[in-house]
Amino acid sequence: MQSLNAYALAAESKFGRFHGLILFWCVLILIIDGYDLAVVGAALPAIMQDMNVDPTSAGIMAGSALFGTMLGAIFLGTLADRIGRPKMIAICVALFSIFTAAAGFTNDPITFSISRFIAGLGIGGVLPVCTAQMGEYSPLKLRTRLVTIVFAGYSVGGILVALTAKQLIESHGWQWVFYVAGLPVLLIPFILKSMPDSIGFMLKKGRQDELREIARQIEPGLNISNDTAMTGNPAMVGKQETPVRNLFKDGRGFSTVMIWAAFMTGLFMVYALNSWLTKLMAMAGFSLGSALNYVIVFNVGSIAGAIFGGWLSDRLNIKHVLVSFYIVGAIALTLLGYTRSTTLLFAVVFVVGASTLGTQLLAYAYAGDFYPSTIRSTGVGFASGVGRIGAIVAPVLIGWLVSLSLPLEQNFMAISLAGLIGAVAVTMINQSCADSTQARKAPALSN
């Protein structure tokens, strides 16, 4: 009887309609996800005035979703490997759509924060699941590029907020930027109908007919009979029951910790900039113009950095590309402290966006590339969740440094130090344990 390795078939395939459908859904979901996370920043001044809250309370309100994203990335990402990815994506979309919309109906900081926390669970949970889904079904030669395109959708969501929130708030009130976030719940039936389950999940459940149908969609020209046995990678079969434990097996333990460290430093840089860049530049006497322009430049830079990094990674070693991006981020941040020209400042901010947020988006692709399919959602989820420690620490630590009245250059150098630590962490990862390295050794068809 002929057998077909579904993982190897996906890795060796060419991009087609099947891949395009998964790419479409993952990009769209990440655009919505990015909007839901960024929307509070755009509406916060109006919310503060309407609810009469002080900056400290406003900071807690804005940060409540961040704690949710940390828990969602860890627990929902792991749960996706147990109940199936389409179901978990649907749950996450329901959480962040319904509860972001619900925040628009609140009248006090406590209920607003609770709504945002629950929405954050979905916002954080969907990131590792979409990474794992796109990474699993992507042709190996395009894997990094496609995953980074997916995560570019996250920045598109931030740009969407910047372009629409001001007009919507002025014409209808801050509540409406939250109300419209409830519309994506209508997509859930279509997601459940058209999004395939993971290969490992279907193998575990013995869903051979579905696997054969997906194989025909992946490679339409391949003759797959109803008697063809769909198989997986023998080394990973039966290892789905303990996905968290398996992050540390087969030589992956130290590398897993280094991936966590890289995520912490990457998210530290991103959230340090989100919280303090405008304030630091104002202290130096600079103006970036409107906050809208800064948000657009930073996010366009991150999209360009992620896509360019993905393109490079599919041609070169993704590990080396990621190390280079961390180093460029450290250099760009240092230069930001010494930039005195307003025109040049926009160019530097673009590079900073490409080499900080863009680097973090590439790091998600790298984590998806590193872990095998059966624990991919768990691996990316834990990296994203543990990495949120850096996101939580960053605003507080940089705020303390600002209170010391240090020279501007030293504040940016403190942030840039995280980039150097991230580069060291990625350097120490054992690339021979990566799933992409193993996939290149596995043939698709066997008798």
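Further up the page is the structure itself.
Model, not experiment: these values are computed from the prediction. (Residues numbered from 1 in each chain as written. Predicted model: local features only at pLDDT ≥ 70, side-chain atom pairs only at ≥ 80, totals over all residues. Heavy atoms only, no water.)

Engineer: I'd like a description of the packing of helix H5 (residues 109-137) against helix H6 (residues 143-172), backed by residues and values.
Structural biologist: It is at 9 Å that the axes of H5 and H6 come closest, and there the two elements cross at 150°. One finds that H5 runs roughly antiparallel with respect to H6. By crossing handedness, the relation of H5 to H6 is classed as right-handed. For the pair formed by H5 and H6, the contact residues are Leu 127, Thr 131, Met 134 and Gly 135 on the first element and Arg 143, Leu 146, Val 147, Val 150, Phe 151 and Tyr 154 on the second. (Axes fitted to C-alpha atoms, helices over the stretch in contact; angles between N-to-C directions. Helix = DSSP H or I, 4+ residues; strand = E, 2+ residues; numbered from the N terminus. Parallel < 35°, antiparallel > 145°, perpendicular 65-115°, else oblique. Left-handed = near helix turned anticlockwise from the far one by under 90°. Contact = heavy atoms within 4.5 Å.)

Engineer: Mind laying out helix H16 (residues 357-370), listing which residues take part and the relevant values?
Structural biologist: In this model, H16 (14 residues) spans 20 Å end to end at C-alpha, consistent with the 20 Å of a helix rising 1.5 Å per residue. Counting buried positions over the 14 residues of H16 gives 14, a clear majority of the element. (Expected span 1.5 Å × (residues − 1). Buried < 20%, exposed > 50% of the residue type's maximum accessible area, 1.4 Å probe, protein only.)

Engineer: Kindly report on the pattern of salt bridges, identifying the contributing residues and their values.
Structural biologist: Applying the stated criterion across every chain yields a total of five salt bridges. In this structure, the salt-bridge partner of Glu 136 is Arg 85, at a minimum N-O distance of 2.8 Å. With Glu 136 in helix H5 and Arg 85 in helix H4 (residues 85-103), this residue pair connects regions lying 51 residues apart in the sequence. Residue Glu 136 shares its accessibility class with Arg 85, and that shared class is buried. A salt bridge links Glu 210 to Arg 207, with the nearest nitrogen and oxygen atoms 3.0 Å apart. Since its relative accessible area comes to 36%, Glu 210 is described here as partly exposed. Owing to a relative accessible area of 25%, Arg 207 belongs among the partly exposed residues under this scheme. Through salt bridges with shared partners, one network takes in Asp 197, Arg 207 and Glu 210. (Salt bridge = Lys/Arg side-chain N within 4 Å of Asp/Glu carboxyl O.)

Engineer: Pulling in residues and values, what's your account of a nonpolar patch on the surface?
Structural biologist: On the surface, Ile 327, Ile 331, Leu 335, Leu 417, Leu 420 and Ile 421 cluster together into a nonpolar patch covering about 540 Å² of accessible area. Note on placement: Ile 421 falls in helix H18 (residues 408-427). Of the residues examined, Ile 421 reaches a relative accessible area of 46% and is grouped as partly exposed. (Patch = residues over 30% accessible without salt bridge, like charges linked within 9 Å, V, L, I, M, F, W, Y side chains within 5 Å. Areas by Shrake-Rupley, 256 points an atom, 1.4 Å probe, with all protein chains shown as cover.)

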